[in-house]
Structures are given as C-alpha cells and as structure tokens.
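Summary of structural features
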Amino acid sequence: MQTNNYDEAVRQLTVCNSCRYCEGYCNAFQALTRYRSFDKPTVSHLANLCHNCRGCYYACQYTEPHEFALNIPALLADIRAKNWEQHVKPSAISKIMQISIWPYVALTAMFTVLLTVVSQTGWSSSEAFYTSISHTTLVSIFLPLFILPWVSLSLGVRSYWKSVGGSKLALSDLKTAFGSAASMKNLSGGQGQGCNYESTERYTHNRRWAHHATMYGFLLCFASTSVATVLHYVFNMPAPYSLFSLPKLLGISGGLLLSYGTFMLALLKWKSDSALGSVSRTSGEYAFIGLLFLVSTTGLILYWSGGTSFATGWLVFHLALVATFFVSIPYSKMVHGIFRIAALSREAQIQRLAG
Amino acid sequence: MSKAIKTPKPDYSIMTPGQGPVLADLIVIGGGNAALCAAICAAEAGLSVTLLERAPRVYRGGNSRHTRNFRCAHDAPLGVLVDEYAEDEFYDDLLLVTKGNTDEALAKQVIASSPEAYEWMTKQGVMFQPSLSGTLSLSRTNAFFLGGGKALVNAYFQRCEALGVRVVYQATVLDMHIEQGRCDGALVDVDGRQEYMRAKSFVVACGGFESNKEWLQEAWGPAAKNFLIRGTPYNRGEILKQLLEKGADSIGDPTQCHAVAIDGRSPEYDGGIVTRLDCVPFSVVVNKDGKRFYDEGEDVWPKRYAIWGRLVAQQPDQVAYSIIDNKSSELFMPSVFPATQCDSLPELIDKLGLPAEETLASIEAFNNACADGEFKATELDGLATNGVTPAKTNWARPIDTPPYFGYSLRPGVTFTYLGVNVDSSARVTFDGHESENVWAAGEIVAGNILGQGYLAGFGMTIGTVFGRIAGMEAANYANQ
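Just so you know, these numbers come straight off a predicted model, no measurement behind them. (Residues numbered from 1 in each chain as written. Chains lettered and ligands numbered in written order. Predicted model: local features only at pLDDT ≥ 70, side-chain atom pairs only at ≥ 80, totals over all residues.)

**Considering the overall build of chain A**
- Within chain A, the secondary structure is distributed over 14 helices and 0 strands.
- Counting from the amino terminus, chain A carries its helices and strands in the arrangement α-α-α-α-α-α-α-α-α-α-α-α-α-α.
- Computed over its C-alpha atoms, the radius of gyration of chain A comes to 22 Å, within 12% of the 20 Å expected for a compact globule of 355 residues.
- Expressed along its principal axes, the backbone C-alpha trace of chain A runs to roughly 70 × 40 × 40 Å.
- Expressed as a percentage of its 355 residues, the buried residues of chain A come to 45%.
- In chain A, of all internal contacts separated by at least 6 residues, the share reaching a separation of at least 24 is 73%. (Helix = DSSP H or I, 4+ residues; strand = E, 2+ residues; numbered from the N terminus. Rg over C-alpha atoms; globule rule 2.2 N^0.38 Å. Buried ≥ 20, exposed ≤ 12 C-beta atoms within 10 Å, placed from the backbone. Contact = placed C-beta atoms within 7 Å.)

Here you go:
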C-alpha cells in the first residue's frame with residue numbers, strides 16, 4: 001500500500017474529516033476535526049498523537065477492498081517513524097535502526113568484546129562489587145554513552161517542535177501531556193473499553209497493561225540506577241546493596257515488570273496484523289522490544305547468580321546490552337515516548353490557546 | 001465497492017419441501033442491524049439460529065455499516081442523550097417528515113420502545129458517544145455509535161458468536177418455499193454451492209431494493225442508470241419481490257426511493273456518509289446546460305438535500321454543478337473530494353466542462369439580482385435575489401470573490417420505501433392473514449412507518465425495535 005507519501009495522507013485524512021465517526025476513540029481524531037485541509041506539520045502532529053490502537057480501522061466503512069482503501073493506523077505509523085528519522089540526526093542511523101535488528105546485534109557484540117577486553121586487562125580494582133570491571137572504567141565508558149544520545153534526542157525533539165509550530169509551553173500543557181501518557185488515556189478506546197490492537201474487532205486492555213508494565217518497569221529500573229548513583233557518590237555507599245535497600249527494591253520490581261511488559265508487547269505484536277503498523281519497520285520494533293526484554297532479564301538473572309563465576313561473564317553481557325540500549329535511545333523506537341510527549345504537549349497548547 | 005452484485009441462477013431441482021432435516025429453529029435472512037437484533041433475541045430465548053448474510057465478512061452488516069446514530073425518546077437524560085425527547089414530540093417530528101403517511105399504532109409502538117431498546121443495545125456491547133462535531137443539533141434526539149455503524153455491527157456479530165448463532169457469509173437466498181403463508185425452507189447459494197435449508201421459523205431482514213438498478217429503472221426510466229447508491233450493493237430486493245409475488249401484502253410506494261444530492265464523483269455503490277455535500281445553500285447550481293433550475297436557498301440543507309436528490313435526477317444526464325466563491329468556501333463540512341478550484345469563473349466553467357456562455361450568463365444574472373443585506377450562514381437570513389428566475393430566497397450573495405470552487409452533484413439513493421406489511425408482532429401478512437412462521441424487520445418493513453421522507457436515525461430505531469420483536473416472536477413460536 002502507498003502509505004509513505006504525504007499526498008496519500010491528505011487523501012485518507014480528508015475522507016476521515018468528512019466522516020468523523022471515530023471522534024470518540026482518541027484525541028488524534030478530535031484534533032483532526034479542527035482542520036479543513038492538511039499541511040505537512042498538521043499531518044505530523046496527528047501522526048504523533050496516534051497510539052496505533054486500531055479502533056478506527058476496525059470500525060471503518062472504508063477499509064480495503066473498498067476503493068477508499070483507508071488504513072489510518074498504518075499510514076500514521078509510517079509518518080510518525082519518518083518524523084523521528086527526519087528530525088533525529090544523523091538520519092542515516094535512525095533509518096537503519098528503525099528497520100533492522102542487525103545494528104542492535106552488532107552493537108551488543110561490539111560492547112561485549114570491548115567490555116571483555118577491558119575486564120581482562122587488569123584494570124580491576126579491589127572494590128567488592130566491581131571485581132570484574134572497575135567502577136571508573138564503567139563510568140568512563142557509560143557516561144558519554146549516556147550523554148551523547150540525549151544531546152541528539154534533545155536536538156531532534158526541538159527540531160520536531162519547531163516544525164509543528166510549537167511555541168512557549170505552559171506548565172498546564174506539560175501536566176496534561178504527562179497525565180495522558182501516564183494513564184495511556186489515548187489507548188483506552190475513549191471510554192475505558194480498551195483497544196483493538198491484537199484482537200481485531202474486540203476491545204481488550206492487553207496492550208495498555210503491557211505498555212504500562214514496560215513503561216513503569218523501565219522507570220523503576222531507571223530510578224534504581226539513579227538512587228544507586230546518589231548512594232555511591234553522595235553517601236559513599238557503593239554496591240552491593242541488601243535486598244531491602246532502595247536500589248534493590250526498585251531494581252527487582254522494575255526488572256520484573258519490564259521483562260513481563262516487553263514479553264507481552266512482543267506477543268501482542270506477533271498476534272496483531274502487521275499490515276496495520278509500519279510494515280517496513282516491524283523488525284526494528286521487535287529488535288527494540290527484544291533489547292529491553294534482554295536488558296531487564298539479564299539483570300534479574302545477574303542478581304540471582306551474584307557471586308558465582310558465571311556472574312562475571314554474564315555481567316559483561318548485561319552491561320553490553322545496557323550500553324546498546326543507551327546508545328540507541330534516539331534512534332530506536334524508544335524515541336516514540338519523547339515525540340509522543342511533545343505531540344501531547346502541543347495538542348494541549350493548541351487547545352489552551354484556542355480557549 | 002463500485003460493482004453491481006450478480007445473483008446466481010437458482011437450481012430449483014434441489015428444493016424439496018417437507019423433506020430432509022430441519023436445520024435450525026430459526027433462519028434469519030440478512031446481516032444488518034435488524035437481522036442481528038432478531039438473531040440475538042431468538043438465541044437468548046434458546047433457539048438454534050442460522051443467520052444468512054449475503055455479503056462476505058468484510059462487507060457484512062448491510063446498510064447498518066454506514067449508519068451513525070439511533071433516534072431515541074427519553075423523559076430524562078439517558079446515556080449520551082441530553083435533556084428530554086418526549087414520545088409526543090418524536091411522533092410530531094415523524095408526522096412532519098412523512099406528512100402523515102405513517103401507521104400511527106406501529107409508529108407509536110416503535111417510539112415507545114426506543115428507550116428500552118437503548119438500554120438493551122448497551123447490554124449487547126454497543127457503545128455510544130456524544131454527538132459528533134457538526135451535529136450538535138442532534139445531541140438531544142440521536143445517540144451516536146462510538147466508531148459508527150460498523151462498530152455496532154461488530155458488537156452484534158460478537159454477541160451472536162457468544163450465543164452460538166451460526167453465521168454464514170456469502171449466503172444468497174434465492175427462493176423461499178411459501179405455501180399459504182407458511183415457509184418450509186429456503187434455497188440458498190453459499191459461495192457458489194446451492195442447498196435447501198429448512199427451519200421452523202424465518203425472519204426476513206434483508207433490506208430494500210435500492211441496489212437493483214434494473215428495478216429502479218422500472219420507476220425512473222434510463223435515468224436510474226446514472227444514480228449513485230450510497231449503501232451496500234447487496235440490497236437487491238429479490239426476496240422482497242418474491243414475498244410480494246407469493247402473496248405477502250405490500251406497503252409503501254413501489255416507485256419511490258429516498259435520494260439526496262451527493263458529490264457527483266462518489267463511487268457507484270457504498271460511498272456512505274462522506275459523499276454528502278453541504279455547499280448548495282451557499283452556491284449557485286446549474287445543470288449541464290448552464291441553467292439554474294431551483295431556489296438553492298429555500299431552507300437549511302438538512303431539510304432540503306432530499307428534494308435536491310430528486311431535482312438533480314430530473315436534470316439532463318442526472319447531473320448538476322454547484323459553484324461557490326471564496327466567501328463561502330469554509331461554511332460547510334469538508335467534502336471528501338477536493339473541489340475544482342480556479343481563479344476566474346470562465347476558467348472554472350471550462351474545467352467543469354460546462355457551456356461557457358450560458359453558464360456565465362446564468363451567474364451574471366444571479367449576481368445582478370443579489371441585494372445588499374446581512375448574511376447569516378447558520379440561519380434563514382432572508383437575503384434574497386430580486387428579479388431573477390428561479391429566485392434564491394436565502395444566503396444570496398454574488399459569486400464574485402476568487403478563487404472559485406465547483407462541485408458536481410448527482411442523486412444518491414439511500415433506501416427504498418416498498419416493503420411487506422407487518423402487524424405489531426412483526427409477523428408478515430399474506431392476503432390479510434398473519435403468516436404462521438415468517439416475520440420481517442428493518443428496511444423491508446420501514447415503509448409501514450416511514451411512508452415518505454426521512455427522520456435521521458429512525459431507520460435504526462425501526463430496525464432495532466422490530467428486529468427484537470421478530471426474534472422474540474419467532475422464539476415463542478418455535479419453542480411451542
């Protein structure tokens with residue numbers, strides 16, 4: 001299907017705009033009714049509001065074989081991904097990491113080799129937890145990896161924000177945006193009945209719960225790392241921590257949620273109709289979900305295998321996955337979260353300015 | 001869907017009335033709203049039900065696929081419906097559009113049953129949403145389906161599945177064996193293979209004949225070839241014709257259909273809601289000879305689009321052209337296809353393929369007849385022409401501000417009025433006598449209540465109320 005050109009987007013959205021039956025599903029359709037014609041920034045804005053719940057597709061009178069051939073979820077998924085690729089530089093890296101699993105495999109292999117070499121060249125210190133790899137070595141590798149992607153991501157979102165005509169944000173815009181994201185409001189089907197992602201005409205909450213587990217699991221893991229960093233540097237309390245310490249409680253619960261959530265997201269994706277997503281990017285999406293799953297699962301295994309000789313090699317693998325994840329943030333599907341927040345903020349802003 | 005549907009040739013040799021196993025307690029013919037309501041109610045009462053849907057799964061649901069709301073009486077706010085809509089007011093609205101051409105008892109029965117039907121629909125999994133943008137005037141009277149009619153149809157099919165209704169797609173009923181008002185079975189073509197299906201009872205809910213252009217031509221002549229059919233191509237009315245031939249009492253004008261003026265570029269079938277074009281009141285409309293033929297500003301568009309369907313059908317080649325200028329370009333709901341747009345009138349006229357001299361003369365005569373006054377888009381503003389025939393009695397502003405926009409208009413048929421007569425229990429009557437085991441619901445009986453005109457969302461009300469009655473009555477009969 002012709003989903004990747006702007007003319008096709010205008011054609012399909014124009015049909016929607018003279019129908020409007022789907023207004024109750026999500027705010028992308030509510031936003032759509034504001035316009036009489038669709039310029040590129042408007043199409044981008046609508047695309048980044050869409051959560052791919054597919055409610056509109058299964059309710060649509062005009063899907064193929066009807067000659068109007070509407071497939072709004074696939075159309076907007078393609079445009080959304082093109083937006084990320086266009087705004088996050090370098091675009092070439094974005095493009096390949098959105099469509100392929102191999103960059104992730106290659107990065108993980110590279111980091112595994114790198115960390116193995118580092119861990120065996122005698123840089124190890126006597127610090128208890130870091131017997132395999134010194135803390136300083138770890139930091140010197142991970143700190144740039146942590147910062148550079150965020151620079152690229154920030155510039156990318158700024159570029160997107162300008163392209164959709166965003167102006168100065170009010171606190172209330174961000175509150176609305178984060179509120180919607182925190183509850184996945186636009187994946188609720190409009191009335192809390194759920195979405196149609198993997199279940200064709202039926203409404204289920206599966207994807208919303210799976211995404212919640214993934215998102216909150218990730219945030220808990222992130223919190224765990226942050227708390228540990230503060231303990232290490234501010235309170236001079238290096239790892240390991242006991243089970244009932246804050247880093248462990250956050251890390252283990254987050255890891256379990258993240259493993260479960262990503263496993264479910266992959267399962268739902270497998271059950272769903274790939275023709276309603278960005279078809280050419282399916283592999284890249286699986287790679288990203290798989291990477292998150294491996295990061296959390298190897299972390300959990302590492303915790304339970306702590307102290308054994310197995311743990312050293314495993315730690316290297318785990319850290320290589322973490323490094324791959326951080327490097328790929330702006331270029332993998334991870335970027336959708338930031339663009340989503342931007343789009344939700346822009347939508348709140350437009351509504352606020354309209355009074 | 002832009003092709004007419006063909007009906008297979010019946011193989012009467014396999015019709016063996018009185019012989020062979022009885023397949024089901026109830027066979028429902030049709031797969032739209034009324035058919036589904038009947039199937040669900042019968043299955044809930046314990047019947048084994050087979051539902052025969054002529055369309056493939058992807059096009060299931062008949063014209064209900066294209067619907068968007070349900071007109072409903074209520075004394076107090078009910079679900080998404082605000083304020084109140086008293087039964088008397090509902091009935092008055094019906095009298096207004098039908099000009100009294102209705103069966104009072106049946107109409108009042110449908111209206112009185114509508115709030116209960118609303119609750120029932122919710123229980124079956126149908127979801128409602130507040131009035132769509134641009135339809136605020138209906139927020140009191142009409143409950144909109146979340147996602148539209150196809151979402152409603154999906155919910156009902158899921159309910160059927162849960163209740164064990166056997167749904168057969170691509171099942172065309174070719175003949176019903178009826179003797180003295182009793183049906184023994186139906187000859188059915190299932191995706192190219194024919195079989196004779198027997199059942200204890202039958203509900204006929206397979207719509208009107210609006211997609212049967214040969215039949216439409218009987219009333220309209222060759223002009224009907226140029227009509228566009230807004231709904232499903234599967235409503236060919238063959239079962240309706242058979243029932244009437246076999247003695248069922250008819251109701252409704254056999255020659256009339258409800259047609260509205262729609263975008264002339266719409267698909268021949270199944271264009272649905274998006275094909276409507278709301279620019280006529282703000283425009284000048286000419287036929288293919290460049291001549292104006294009716295007052296474009298007689299009333300607000302929802303009250304006039306049906307008249308315009310008929311008017312356009314009477315023009316040469318059943319086509320007309322609506323021309324506006326930049327002043328009016330954003331005063332109506334966006335159109336599904338972009339307008340033809342030009343910076344000068346002669347250019348636009350040329351692009352639309354209209355005769356230059358005549359069309360320009362018509363527009364000039366109109367422009368010269370426009371008077372000064374206050375223009376109000378959302379109400380009858382009385383801004384009328386002076387000294388041109390036909391006059392435009394509201395919203396008459398000269399077409400003089402570029403760019404100019406043109407749309408073609410054609411008649412779009414929504415439904416037909418001819419149907420079978422039913423009593424208050426949805427039972428079909430044959431020569432004045434109630435059938436023993438045949439009930440009917442939906443568009444095929446709508447003519448009992450909607451003798452002419454149309455009331456938004458009322459087709460779904462009739463279908464739901466009579467569909468449920470038909471299902472429950474068939475259950476009472478089959479359970480005896």
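**Here's the deal with the overall build of chain B**
- Assigned secondary structure in chain B consists of 11 helices and 19 strands.
- In summary, chain B has a C-alpha radius of gyration of 24 Å against a globular reference of 23 Å for 480 residues, a match within 12%.
- By its C-alpha atoms, chain B is 75 × 50 × 35 Å across when sized along the principal axes.
- Expressed as a percentage of the 480 residues in chain B, the buried residues total 53%.

**A few points about the interface of chain A and chain B**
- At the interface, 26 residues of chain A touch 27 residues of chain B.
- Contributions of two or more residues to the side of chain A that touches chain B are made by α1 (6-17) and α4 (55-58) of chain A.
- Examining the composition of the side of chain A that touches chain B, we find that 3 residues originate from one element, α1(A), more than from any other.
- Of the residues that constitute the side of chain A that touches chain B, the class distribution is 9 nonpolar, 11 polar and 6 charged. (Nonpolar A, V, L, I, M, F, W, Y, C, P; charged D, E, K, R; others polar.)

**Focus: the packing of helix α7 (residues 102-120) of chain A against helix α13 (residues 310-328) of chain A**
All names here are of chain A.
- Contact geometry of α7 with α13 gives a least axis separation of 8 Å together with a crossing angle of 130°. The angle between α7 and α13 falls in the class oblique. The way α7 lies across α13 gives a crossing that is right-handed. Residues Tyr104, Leu107, Thr108, Phe111, Thr112, Leu115, Thr116 and Ser119 of α7 touch α13, and the partners they reach there are Val316, Phe317, Leu319, Ala320, Leu321, Ala323, Thr324, Val327 and Ser328.
- Broken down by class, the residue content of the contact of α7 with α13 amounts to 11 nonpolar, 6 polar and no charged. (Axes fitted to C-alpha atoms, helices over the stretch in contact; angles between N-to-C directions. Parallel < 35°, antiparallel > 145°, perpendicular 65-115°, else oblique. Left-handed = near helix turned anticlockwise from the far one by under 90°.)

**Some remarks on the environment of Ser114(B)**
All names here are of chain B.
- Locating serine 114 in the fold gives a position in helix α3 (residues 104-123).
- Counting along the chain gives 16 residues from serine 114 to proline 130, while the straight-line C-alpha distance between them is 18 Å.
- Residues within four places of serine 114 in sequence aside, it is in contact with Cys72, Ala73, Thr461 and Val465.

**Side note on the pairing of strand β9 (residues 193-204) of chain B**
All names here are of chain B.
- Sheet topology places strand β1 (residues 22-29) next to β9; 6 bridges connect them, and they run parallel. Following the sheet pairing, leucine 26 is matched in β9 by serine 201.
- One ladder, built from 6 bridges, connects strand β8 (residues 182-190) with β9; its direction is antiparallel. Following the sheet pairing, valine 188 is matched in β9 by glutamate 195. (Pairing = 2+ DSSP bridges.)

**Here we look at the environment of Trp209(A)**
- Tracing the chain through its elements places Trp209(A) in helix α10 (residues 206-233).
- Sequence separation between Trp209(A) and Thr262(A) is 53 residues; the distance between their C-alpha atoms is 11 Å.

**Points about the domain arrangement of chain B**
All names here are of chain B.
- Domain annotation for chain B reports domain 1 (12-212 + 232-254 + 418-478) and domain 2 (260-412).
- A separation of 37 Å is found between the C-alpha centroids of domain 1 and domain 2.
- On the side of domain 2, 6 residues touch domain 1, which itself brings 7 residues to the contact.
- Counted by class, the side of domain 1 that touches domain 2 contains 2 nonpolar, 4 polar and 1 charged residues. (Domains from an automatic or database assignment.)

**Looking at the sheet that holds strand β4 (residues 128-129) of chain B**
Residue and element names in this part refer to chain B.
- With respect to topology, 3 strands assemble into an open sheet ordered β3-β5-β4, the strand pairing being antiparallel. Looking at strand neighbours, the two that pair on one side only are β3 (69-71) and β4, the edges of this open sheet.
- Pairing of β4 with strand β5 (residues 142-145) involves 2 bridges; the strand directions are antiparallel. Counted as the bridge partner of glutamine 129 is phenylalanine 144 from β5.

**Looking at unusual backbone geometry**
Residues and elements named next belong to chain A.
- For the bond running from glutamate 64 to proline 65, omega is 10°, close enough to zero to count as cis.
- Among the structural elements, proline 65 can be located in the loop between α4 and α5 (72-87).
- The omega torsion of the bond from lysine 89 to proline 90 falls at -10°, within 30 degrees of zero and hence cis.
- Position of proline 90 among the secondary structure elements: in the loop between α5 and α6 (91-99).

**Description of α13(A)**
All names here are of chain A.
- The terminal C-alpha atoms of α13, which comprises 19 residues, lie 27 Å apart, in line with the 27 Å expected from a rise of 1.5 Å per residue.
- Taken together, the buried positions of α13 are Leu315, Val316, His318, Leu319, Ala320, Leu321, Val322, Ala323, Thr324, Phe325, Val327 and Ser328.
- Residues of α13 that are buried in the fold lie against α6, α7, α8 (135-163) and α12 (282-304). (Expected span 1.5 Å × (residues − 1).)

**Regarding the environment of Asn212(B)**
Residue and element names in this part refer to chain B.
- Here asparagine 212 lies in the loop between β9 and α5 (213-220).
- Judged by local crowding, asparagine 212 falls into the buried class, with 23 C-beta atoms found within 10 Å.
- Other than its neighbours up to four places away in sequence, asparagine 212 contacts Arg236 and Gly237.

**A closer look at the confidence of the model for chain B**
- Of all residues in chain B, 100% attain a pLDDT of 70 or more, and the chain-wide mean is 95.
- Among the prediction metrics, the complex's ipTM stands at 0.94, with pTM recorded as 0.94. (pLDDT = per-residue confidence, 0-100.)

**Points about the packing of α12(A) against α13(A)**
All names here are of chain A.
- Interaxial distance between α12 and α13 falls to 9 Å at its minimum, and their mutual angle equals 150°. In terms of orientation, α12 and α13 fall into the roughly antiparallel class. Of the two possible hands of crossing, α12 and α13 adopt the one that is left-handed. From α12, Leu291, Leu294, Val295, Thr298, Gly299, Ile301 and Leu302 reach across to α13, where they touch Ala311, Trp314, Leu315, Phe317, His318, Leu321, Val322, Thr324 and Phe325.
- When its residues are assigned to classes, the contact of α12 with α13 shows 12 nonpolar, 4 polar and no charged.

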